[in-house]
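Structural description and commentary
Chain residues, written in single-letter form:
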Amino acid sequence: MDHKLLDILVCPVSKAPLEWNKETNELICRTSGLAYPIRDDIPVMLESEARTLTVEERLKEKK
């Protein structure tokens, strides 16, 4: 994930900053509780394509 791109992307639902989860290759928004997939190096920033985070994922500290 390009860190310059990550610095300017925000969650389309909450407008909160995103975190990149390297293991799942997703952009995580703890505020809205959504994880946006990255396909072919392109973030899919559609609410309909996002998955809902589990309670544990929402509470997990940023590494």
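Everything numeric in this text was worked out from a predicted model, so none of it was measured. (Residues numbered from 1 in each chain as written. Predicted model: local features only at pLDDT ≥ 70, side-chain atom pairs only at ≥ 80, totals over all residues. Heavy atoms only, no water.)

As for the overall build of the chain
Across its full length, the chain holds two helices and five strands. The linear arrangement of helices and strands in the chain, starting from the amino end, is α-β-β-β-β-β-α. The C-alpha atoms of the chain give a radius of gyration of 11 Å, which matches the 11 Å a tight globule of 63 residues would have. Counting only C-alpha atoms, the chain reaches 25 × 25 × 20 Å along its principal axes. Working note: accessible area of the chain is about 4600 Å², and carbon and sulfur atoms make up 53% of it. Each charge sign in the chain was given a centre, from 10 positive and 12 negative side chains, and these centres are 3 Å apart. (Helix = DSSP H or I, 4+ residues; strand = E, 2+ residues; numbered from the N terminus. Rg over C-alpha atoms; globule rule 2.2 N^0.38 Å. Areas by Shrake-Rupley, 256 points an atom, 1.4 Å probe, with all protein chains shown as cover. Lys, Arg positive; Asp, Glu negative; His and termini not counted. Charge placed at Lys NZ, Arg CZ, Asp CG, Glu CD.)

Digging into unusual backbone geometry
In this model, Asn-25 sits at a positive phi of 55°, which is unusual for a non-glycine residue. By secondary structure assignment, the location of Asn-25 is in the loop between β1 (19-21) and β2 (26-29). Phi at Asp-41 is positive, roughly 65°, even though this residue is not glycine. Along the chain, Asp-41 turns up in the loop between β3 (34-39) and β4 (42-43). What makes Asp-41 exposed here is its relative accessible area of 71%. (Buried < 20%, exposed > 50% of the residue type's maximum accessible area, 1.4 Å probe, protein only.)

Limitation: the analysis is restricted to geometry and does not speak to function.
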